[in-house]
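For reference, the chains in residue letters:
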Amino acid sequence: MHYAYEVEVTPSDVVSDPVVYPVVLATGILRRVRIFFPPGCSRTIRCTLWDRSTQILPTNLDGYYSLDGDNVDADVYYSLDDNAHYLYLVAWTIGSSYNHTLSVHLDVQGPEE
C-alpha cells in the first residue's frame, strides 16, 4: 500500500510550536518513507517522523531531516499493529519567510503480502 501526504509548514511553525501532522496507515509493516523538500527551503524546514511516543526517523533522537530541492529516501522496518498505526510527521522552520510544502510518501506492506 502506498500513501501520499502534503504537509504545509508556515513561518509560524517553530520548534516550540511545530506542525504535528497525523498520518493514518493500515495495519502492516512500514517499509519505506520518502520526504521531498521543495527548492527554496534552504534547509530552513526540519522534520521527524514519530509514533505516539518515539521518534522513528531519523533514528538518532537529536536528528532531523532538512534539505533543499532534494528528498529523503529511507528504508525502514516498523510494525504497524492494530493499536499503533497512527504516525505523526513533526515539522518546523528555523527562519523561513514563506510557506513550504513537504511531499511525504509511505509504503506499507500489508499482512497478506
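One can find the structure itself at the top, above this paragraph.
Residues numbered from 1 in each chain as written. Predicted model: local features only at pLDDT ≥ 70, side-chain atom pairs only at ≥ 80, totals over all residues. Heavy atoms only, no water.

1. Focus on the sheet that holds strand β8 (residues 100–109)
The strand order across the open sheet formed by four strands is β1-β8-β3-β6, and the pairing between neighbours is antiparallel. The open sheet has two edge strands, β1 (2–9) and β6 (70–80), and neither has a second partner. For this sheet, the mean inter-axis angle between neighbouring strands, taken without regard to orientation, is 20°. Bridge count between β1 and β8: eight bridges; the pairing is antiparallel. Paired with Ala 4 across the two strands is His 105, which belongs to β8. (Pairing = 2+ DSSP bridges. Helix = DSSP H or I, 4+ residues; strand = E, 2+ residues; numbered from the N terminus. Axes fitted to C-alpha atoms, helices over the stretch in contact; angles between N-to-C directions.)

2. A closer look at the nonpolar core
Residues Leu 25, Leu 30, Ile 35, Phe 37, Leu 102 and Leu 106 are the most contacted members of the largest nonpolar core, which totals 30 residues. Apart from residues lying up to four places away in sequence, Phe 37 is in contact with Ile 45, Cys 47, Tyr 65, Ser 66, Leu 67, Asp 68, Gly 69, Asp 70, Val 72 and Leu 102. (Core = buried A, V, L, I, M, F, W, Y, C linked by side-chain atoms within 4.5 Å. Buried < 20%, exposed > 50% of the residue type's maximum accessible area, 1.4 Å probe, protein only. Contact = heavy atoms within 4.5 Å.)

3. Topic: the pattern of salt bridges
This model, assessed by the stated rule, comprises two salt bridges. Residue Asp 73 is joined to Arg 32 by a salt bridge in which the shortest nitrogen-to-oxygen separation is 2.7 Å. Taken together, the residues Asp 73 in strand β6 and Arg 32 in strand β3 (residues 28–37) connect sequence positions 41 residues apart. Notably, a salt bridge pairs Arg 34 with Asp 107, separated by 3.3 Å at the nearest N-O pair. Here Asp 107 lies in strand β8 and Arg 34 lies in strand β3, a separation of 73 residues in the sequence. Judged by its relative accessible area of 16%, Arg 34 falls in the buried class. (Salt bridge = Lys/Arg side-chain N within 4 Å of Asp/Glu carboxyl O.)

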